[in-house]
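Chains, contacts and geometry: an overview
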Amino acid sequence: MSVSSRSASVVKRSIAFRYGAIALVLAIVATFSVRAALAAQNVNLLETGSSLLYPLFNLWVPVYTKANPSVRITTQSTGSGTGMSQAIEGIAQIGASDAFLSPAMMRIHPDMLNIPLAISMQMVNYNLPGLNNRHIKLSGPVLAGIYDGSIRMWNDKAIAAMNPGVNLPDHAIIPIHRTDGSGDTFIFTQYLSFSTPSWANQYSFGTTISWAPVPGELGAEGNPGMVTALQDNEYGIAYIGTSYQQAIQQHGLGIAMLKNRNGDYVLPSAMTAKAAAAQMVSKTPADERISLIFAPGPQSYPIINYEYALVKQRQPSAATAAALRNLFTWAISPNGGNAPHFMEQVHFVPLPSSVAKLSAAQIAKIQ
Amino acid sequence: MDVMAVDVRAAIVNPTLGRSLRRRIFNGLGWMLSALTFLLLGAAMLSILILVFVRGAHALNLKVFTHITEGTSGGLLNAIEGTLIISLGGILLAIPPGLAAGIYLAEFNDGFLAPVLRFLSDVLVGVPSIVIGYFVYVTLVVDLGWQFSVAAASIALAIMSLPYICRTSEVALRQVPITLREAGHALGVTTGTVTMRICLPMALPGILTGVLLALSIAVGETAPLIYTAGWSSYLWTGHLTHEPVGYLTYVIWAFITEPFEGAHALAYAAAFLVTFFVLLIGVAARMVLYRNAGAQRHS
Amino acid sequence: MGFRRLIAPLASIVGLSLIVIVVFLGIYAWPAVKFNGWHFLIRNNWNLGNLYGNPIMRHGQQVMPGAAYGILFLIVGTLLSTLIAVLIAVPFGVGAAMFLAEGIPPVLRPWLSFFVELLAAIPSVVFGLWGYVLLIPFLSHHVFPFMAKRFGFIPFFKGSTGSGYGLLTCGLVLSLMIVPLIAATVRDALVSRPIGQREAALALGATRFETLWAVELPGVRRVIIASTILATGRALGETMAVLMVSGNALNYLPNNIYTPISTMASFIVSQLDSALEDPTGMAVRSLAEVALVLCAISIVVNGIARLLLYFSGQERMEAGAWM
């Protein structure tokens with residue numbers, strides 16, 4: 001008896017449940033179709049990759065989408081490696097990268113364009129209590145020694161020799177490197193490779209390299225992760241993109257002077273970056289895949305690079321292609337994305353006009 | 001165990017001063033240690049909840065619920081929507097096969113399929129969620145060209161949820177008295193009708209508990225979504241494939257390492273929402289279970 | 001019979017999805033298995049090679065120059081962090097279960113047990129957030145230096161305490177994630193023990209704690225072992241929390257308990273995109289091999305636990321906190 005009354009109530013409840021479920025499905029279908037109708041005229045662009053370019057894209061997107069409301073751009077800070085692979089796979093429409101695609105990749109995917117959008121530089125930062133505002137001097141070979149484990153202490157004589165009068169601590173160095181595939185790793189290891197033959201032989205350069213096992217070293221994800229890791233770790237050293245200079249200064253971390261090809265020690269600044277760029281711009285080929293690292297000249301900062309957008313030439317739809325062309329054309333224009341107020345906020349340098357012309361020619365190929 | 005019981009008796013029958021002291025110390029120390037373990041566990045857990053709810057509450061404001069994410073600032077509307085869509089999508093996909101497997105295990109335990117299915121389902125629980133994410137990424141996202149999408153993410157979550165729904169519905173169905181089935185069969189009703197019309201409604205609360213548990217796991221997942229859902233700072237426009245979708249756990253993971261206060265605030269807000277959802281679902285699931293247990297007692 | 005045939009295919013999806021995943025991983029990873037051989041498991045060398053060089057042929061496979069894949073450091077990192085987690089979690093889980101079952105006033109029991117069960121549902125990424133924001137600064141500034149100084153005589157406690165990211169931190173966060181699971185399961189088993197033995201022991205004059213310790217606990221031994229193994233499985237596959245607190249070490253083994261590590265699951269998340277940069281595809285396939293190894297370990301661990309559970313007849317564990 002009790003069972004039957006219970007099952008009766010269960011049946012009643014299950015009927016209510018069934019109507020509820022039908023209503024839910026209908027509601028979902030309704031929102032679905034409204035959304036789909038709304039979506040028809042929009043173009044969705046996914047930008048993913050370089051965490052160095054990410055702050056700039058975040059400045060660009062609100063301004064650009066306000067003027068072009070039919071384009072929806074999602075930005076993601078995932079590392080240049082992700083930018084490369086997802087642009088190639090066609091998962092992201094724009095792969096942001098501090099590094100150009102490798103020759104082997106280009107042979108397999110000749111359809112890919114490497115379009116510089118701006119010039120960036122990379123800082124070498126450290127967290128030394130009491131010395132963070134001193135701008136200690138470092139060179140390629142010394143950094144190579146720190147990252148391959150042959151220089152373990154901050155007061156090592158190699159470091160002391162180039163920093164006379166600086167009271168370096170007797171403390172182990174914590175080298176911090178990127179764990180994600182990273183254009184910052186690419187340009188940093190290029191600096192090491194171009195300045196230090198032994199590094200070039202053993203580790204070479206790349207977005208992901210096989211780091212030497214140095215006790216105490218740390219891996220961090222993205223530039224933000226590098227900043228945070230450095231901030232949390234006294235006696236740490238890290239390579240960080242210049243778009244995080246504000247964060248570095250806010251947290252009171254040190255910025256090193258780096259030894260350039262000429263043998264001079266220079267700080268990263270718009271002036272030293274432009275000096276280095278001036279040496280390399282004329283060498284830029286039509287496909288714009290060139291390293292700007294370790295440029296000659298007394299004022300040249302040694303680690304500067306083009307910030308690339310990696311894009312497929314052939315797009316699935318004419319609308320997407322047009323949206324991409326418009327966005328990039330705006331981005332490299334001195335009145336648009338390359339305007340000083342954007343560049344200064346992230347400490348980038350605008351593209352020189354000759355390079356902007358090469359980029360424009362590549363942008364025109366997106367169909 | 002027997003030896004221990006004898007020891008205990010020996011201790012009681014021949015009490016000596018040293019032994020009783022030892023017993024008292026043993027007892028006191030034992031309770032103290034077990035209380036200590038519980039208190040330490042509780043303290044650590046409270047620390048987590050306080051971190052999430054206090055910092056999260058500070059970060060919550062109306063904008064979080066009404067605005068979409070812009071870079072690392074703005075609101076979380078897109079992520080809240082995305083989390084709901086992909087978790088509900090995953091659960092809806094998982095219910096038919098999960099429930100079918102639960103029914104099969106409960107009602108047809110005689111053949112060779114049932115034990116195999118039960119073992120596979122139990123092993124599937126142990127497969128790390130990132131392995132499932134990797135699988136979906138390579139097959140659906142890349143090879144089939146679905147790209148980051150609601151469909152890929154929902155399928156990844158559905159695979160994860162299958163064993164939970166399967167095994168909880170099996171247990172719930174088993175608790176339906178066999179006499180009910182026999183009564184149904186005696187009336188000449190087929191097995192299918194007995195299962196669908198009698199057993200399933202009776203077992204509904206138990207099944208619902210399992211579904212809610214699976215939902216809470218889906219809401220809290222991150223690893224299998226990174227390479228299937230991607231991330232989007234816009235609201236979903238209704239495309240099942242070719243459109244990435246935002247979700248809350250991504251915000252926690254990705255924004256907490258950004259060196260900006262605004263990004264941290266969003267990460268805490270997201271952590272608040274995810275934890276709140278998950279605990280709420282947990283409470284709801286238990287309430288369904290307890291209410292049902294109560295109902296059964298009273299009837 | 002018709003109904004049975006109707007639902008059998010639908011039901012099989014549950015089992016098939018596992019089989020498909022494992023078979024897919026096996027096939028996908030096969031070129032890597034052939035290329036890497038046994039070195040994969042015994043070398044510390046995860047190296048995509050020179051990505052900006054030209055692909056070369058080695059062992060009949062096309063790879064980048066200098067490419068080699070050895071994941072010993074991942075296996076060691078995974079196993080050690082899990083071991084530490086389990087070593088901490090078992091006494092804490094069992095102790096808390098005893099306290100929950102007998103130590104607190106009966107009025108509070110359901111509420112606190114409920115609390116512990118809910119904790120089991122807190123998402124991994126939230127544990128990671130807590131570890132990252134609170135635990136790591138606390139450990140690296142206060143606890144680790146103290147431990148290294150005072151307990152330096154214990155092997156692997158001495159030496160540089162590093163940054164707070166690393167093996168012990170991972171172990172602690174993981175243990176916190178699995179303690180609620182062990183505690184809830186063992187408590188349930190304790191509560192559902194037949195009352196006869198307990199009354200017998202009490203009648204003999206044993207105190208409540210002695211009864212719990214000498215009579216009840218041995219009775220649920222199998223449940224403790226099985227829940228420990230299942231917790232081990234959970235810890236082995238844990239991804240997000242580990243990713244956020246492990247320090248993501250590459251290519252070296254820990255030399256003390258403070259050293260950064262990586263685990264297989266977190267490595268897949270952090271390296272999948274880098275691996276996709278390899279134009280020869282060998283890196284992605286080697287990563288699939290990592291997933292395959294992880295999957296195999298998890299399946300073995302879970303299989304053992306489930307078999308134990310079937311023999312001990314614990315229905316509750318099959319449906320409750322574990323699911």
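Analysis parameters
Residues numbered from 1 in each chain as written. Chains lettered and ligands numbered in written order. Predicted model: local features only at pLDDT ≥ 70, side-chain atom pairs only at ≥ 80, totals over all residues. Heavy atoms only, no water. Core = buried A, V, L, I, M, F, W, Y, C linked by side-chain atoms within 4.5 Å. Buried < 20%, exposed > 50% of the residue type's maximum accessible area, 1.4 Å probe, protein only. Helix = DSSP H or I, 4+ residues; strand = E, 2+ residues; numbered from the N terminus. Contact = heavy atoms within 4.5 Å. pLDDT = per-residue confidence, 0-100. Pairing = 2+ DSSP bridges. Right-handed = clockwise from strand over helix to strand, strands pointing away. Buried area = accessible area lost by both parts, 1.4 Å probe. Polar contact = N/O pair within 3.5 Å; in protein donor to acceptor, adjacent residues only side chain to side chain. Nonpolar A, V, L, I, M, F, W, Y, C, P; charged D, E, K, R; others polar.

Thoughts on the nonpolar core
Ranked by size, the top nonpolar core spans 334 residues in total, and within it Leu138(A), Leu143(A), Phe328(A), Leu76(B), Tyr134(B), Phe255(B) and Trp46(C) carry the most contacts. The biggest single contributor to this core is helix α6 (residues 167-191) of chain C, with 15 residues. The contacts of Tyr134(B), once residues within four sequence positions are left out, are Leu25(C), Tyr28(C), Ile268(C), Leu272(C), Val284(C), Leu287(C) and Ala288(C).

Topic: the confidence of the model for chain B
Looking at chain B as a whole, its pLDDT mean stands at 87, while 92% of the residues score no less than 70. Per-residue pLDDT, averaged within each element of chain B, yields its smallest value for helix α1 (residues 2-13) of chain B (55) and its largest for helix α4 (residues 77-107) of chain B (94).

Focus on the side chain of Gln86(A)
Of note, Gln86(A) is situated in helix α3 (residues 80-89). Gln86(A) sits in the buried class, given a relative accessible area of 3%. Apart from the residues within four sequence positions on either side, Gln86(A) is in contact with Thr48(A), Ile91(A), Ala92(A), Phe148(B) and Asp273(C).

Considering the sheet that holds strand β11 (residues 265-266) of chain A
Residue and element names in this part refer to chain A. Read across the open sheet, the three strands follow the order β5-β10-β11; overall the sheet is mixed. Unpaired on one side and paired on the other, β5 (137-138) and β11 mark the two borders of the sheet. As judged from the two bridges shared by strand β10 (residues 257-259) and β11, these two strands associate in the antiparallel manner. Directly across from leucine 258, in β11, lies its bridge partner valine 266.

Some words on the pairing of strand β1 (residues 43-49) of chain A
Residue and element names in this part refer to chain A. Burial analysis of β1 places six of its seven residues in the buried class, which makes it a mostly covered element. Judged from the seven bridges that link them, β1 and strand β2 (residues 71-77) form a sheet pairing that is parallel. Bridge pairing in β2 links glycine 49 to serine 77. Handedness of the β1-helix α2 (residues 54-67)-β2 crossover: right-handed. Inspection of the sheet shows β1 paired to strand β3 (residues 94-97) by three bridges, in the parallel sense. When the bridges of β3 are listed, glutamate 47 appears paired with isoleucine 94.

Points about the pairing of strand β6 (residues 174-178) of chain A
Residue and element names in this part refer to chain A. Taking burial as the measure, the five residues of β6 include five buried ones, the bulk of the element. Neither face of β6 is left uncovered, since the one carrying Ile174, Ile176 and Arg178 and the one carrying Pro175 and His177 both have all their residues buried. The pairing of β6 with strand β8 (residues 236-241) spans two bridges and is parallel. Residue pairing across strands places isoleucine 174 opposite glycine 236, the latter belonging to β8. Bridge count for β6 against strand β7 (residues 218-220) is three bridges, and the pairing is parallel. If you follow arginine 178 over to β7, its bridge partner there is alanine 220.

Considering the interface of chain C and chain A
Contacts between the two partners involve 29 residues from chain C and, on the opposite side, 37 residues from chain A. Roughly 2600 Å² of surface becomes buried between chain C and chain A when both sides are summed, with 53% attributable to carbon and sulfur atoms. Here chain C and chain A share ten residue pairs in polar contact (both at pLDDT 80 or more) between them. Contributions of two or more residues to the side of chain C that touches chain A are made by β1 (44-47) and α11 (264-276) of chain C. Here the side of chain C that touches chain A takes five residues from α11(C), the largest share from any one element. Here the residues of the side of chain C that touches chain A sort into 13 nonpolar, 13 polar and three charged.

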